[in-house]
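Chain by chain, the residues run as shown.
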Amino acid sequence: MSIKLVAIDLDGTLLNSQHQISPVVKEAITQAKQKGIHIILASGRPFSGISPYLRELDLNTTDNYCISNNGSVIHQASDGSHLAENLLDFADFQYFEELARNVGVHMHALADNCMFTANRHISHYTVADAYLTHTPLIYCPVNEMDSSLEFTKFMIIDHPEKLDIGISYIPENVFDNYALTRTSPYFLEVSNKTANKGTALQYICEKLGITPDKVMSIGDQNNDIQMLQYASVSVAMGNALEPIRQMVKFVTTTNDEDGVAVAINKFINV
């Protein structure tokens, strides 16, 4: 086995509970890079929430890429420019904004490196997400939105119990026409049907001439499933959801126990 590329999720995987990269994990990634391994950060976050970690790991170079918004956009890591994208349009936004209101939950949308919400009473989950991902938050009523905007994803959000009820009212055909992923107890993320981390990772690997048997993926949540399925070496964090742990080749330690370093050192830095 000769791994040439490692795709790593951020929250709950690369980052510990304090949203930091531990020195042990950073050293393992540095050693892998020195062996010529491509390190691809793949997150549900927008580029603004990934770029600080690209800089910290010296991955913000012209020969590197990253995946944002659950695979909706593939970026040039140096400047965030788009190599490929699978987006949602304004009609999609109108539909989901009305749907969220009808089922009684909050929603925000990502476009143009900004976070938009039409909720006059902005959810604290929206505020927290904007802060965590370094994304400008804009309140804008639907009738004042720029109809030419294209969106990387929508996030239907609320208290877990309230969100559970809201999701139960979503029509079945919505699940057929869009990619809906529960990425935390309080987030349901909506993307273009064709967008996921797995297809984005495949795009990058084909661009680099790397086959799946040379790929390792590390993740912890439902939005990592396709990325884990694509790689020949699939790794779940010790803190991953149980179905994720059941589907992978190897379960490492938790994100607070340097799990990414444990996996890289097992399969690469040997």
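Up top is the structure these notes are about.
Report follows, based on the coordinates. No experiment lies behind these values; they were computed from the predicted model shown. (Residues numbered from 1 in each chain as written. Predicted model: local features only at pLDDT ≥ 70, side-chain atom pairs only at ≥ 80, totals over all residues. Heavy atoms only, no water.)

### Re the packing of helix 1 (residues 23–34) against helix 10 (residues 259–267)
Two quantities define a packed helix pair, namely the angle between the helix axes and the distance between the axes. For the pair helix 1 and helix 10, interaxial distance at closest approach is 8 Å and the crossing angle is 30°. Put simply, helix 1 runs roughly parallel to helix 10. Every pair of crossing elements has a handedness; the one defined by helix 1 and helix 10 is left-handed. Across the interface between the two elements, Val-24, Val-25, Ala-28, Ile-29 and Ala-32 from helix 1 touch Val-260, Ala-261, Ile-264 and Asn-265 from helix 10. Of the residues assigned to the contact of helix 1 with helix 10, the class counts are eight nonpolar, one polar and no charged. (Axes fitted to C-alpha atoms, helices over the stretch in contact; angles between N-to-C directions. Helix = DSSP H or I, 4+ residues; strand = E, 2+ residues; numbered from the N terminus. Parallel < 35°, antiparallel > 145°, perpendicular 65-115°, else oblique. Left-handed = near helix turned anticlockwise from the far one by under 90°. Contact = heavy atoms within 4.5 Å. Nonpolar A, V, L, I, M, F, W, Y, C, P; charged D, E, K, R; others polar.)

### Focus: the packing of aromatic side chains
By the definition in use, this model includes 10 aromatic pairs. For the ring pair Phe-96 and Tyr-178, a centre distance of 4.8 Å and an interplane angle of 85° mean the geometry is edge-to-face. Of this pair, Phe-96 sits in helix 3 (residues 90–103) while Tyr-178 sits in strand 10 (residues 178–184), and the two are 82 residues apart along the sequence. Like Phe-96, the residue Tyr-178 is buried in the burial classification. Every member of this aromatic cluster is reached through a ring pair, and the members are Phe-90, Phe-93, Tyr-95, Phe-96, Phe-151, Phe-154 and Tyr-178. Here Lys-266 stacks its cationic end above the ring of Phe-250, 5.2 Å away from the centre of that ring. The ring of Phe-267 has Lys-266 sitting right over it, with the charged end atom 5.5 Å from the ring centre. (Phe/Tyr/Trp six-rings, centres within 6.5 Å; stacked < 30°, edge-to-face > 60°. Buried < 20%, exposed > 50% of the residue type's maximum accessible area, 1.4 Å probe, protein only. Lys NZ or Arg CZ within 6 Å of the ring centre and 35° of its normal.)

### Regarding the state of the cysteines
The tally for this structure, following the rule as stated, stands at zero disulfides. Considering cysteine sulfurs only, Cys-140 is the nearest to Cys-114, which forms no disulfide, with 11 Å between them. Using a relative accessible area of 16% as the deciding quantity, one classes Cys-114 as buried. No disulfide involves Cys-205; its nearest neighbouring cysteine sulfur is the one of Cys-66, lying 14 Å away. On the accessibility criterion, Cys-205 (0% relative accessible area) is buried. (Disulfide = S-S within 2.5 Å.)

### Regarding the sheet that holds strand 8 (residues 137–139)
Strand order in this open sheet of six strands is 8-7-6-9-11-10, and the pairing throughout is mixed. In this open sheet, the two strands that pair with only one neighbour each are strand 8 and strand 10. Shown here is a sheet whose adjacent strand axes are inclined to one another by a mean of 25°, direction ignored. As paired elements, strand 6 (residues 106–111) and strand 9 (residues 153–157) share five bridges and run antiparallel to each other. Residue pairing for strand 9: Leu-110 is matched across the bridge by Lys-153. (Pairing = 2+ DSSP bridges.)

Interpretation note: all reported values are geometric properties and have no functional meaning in isolation.
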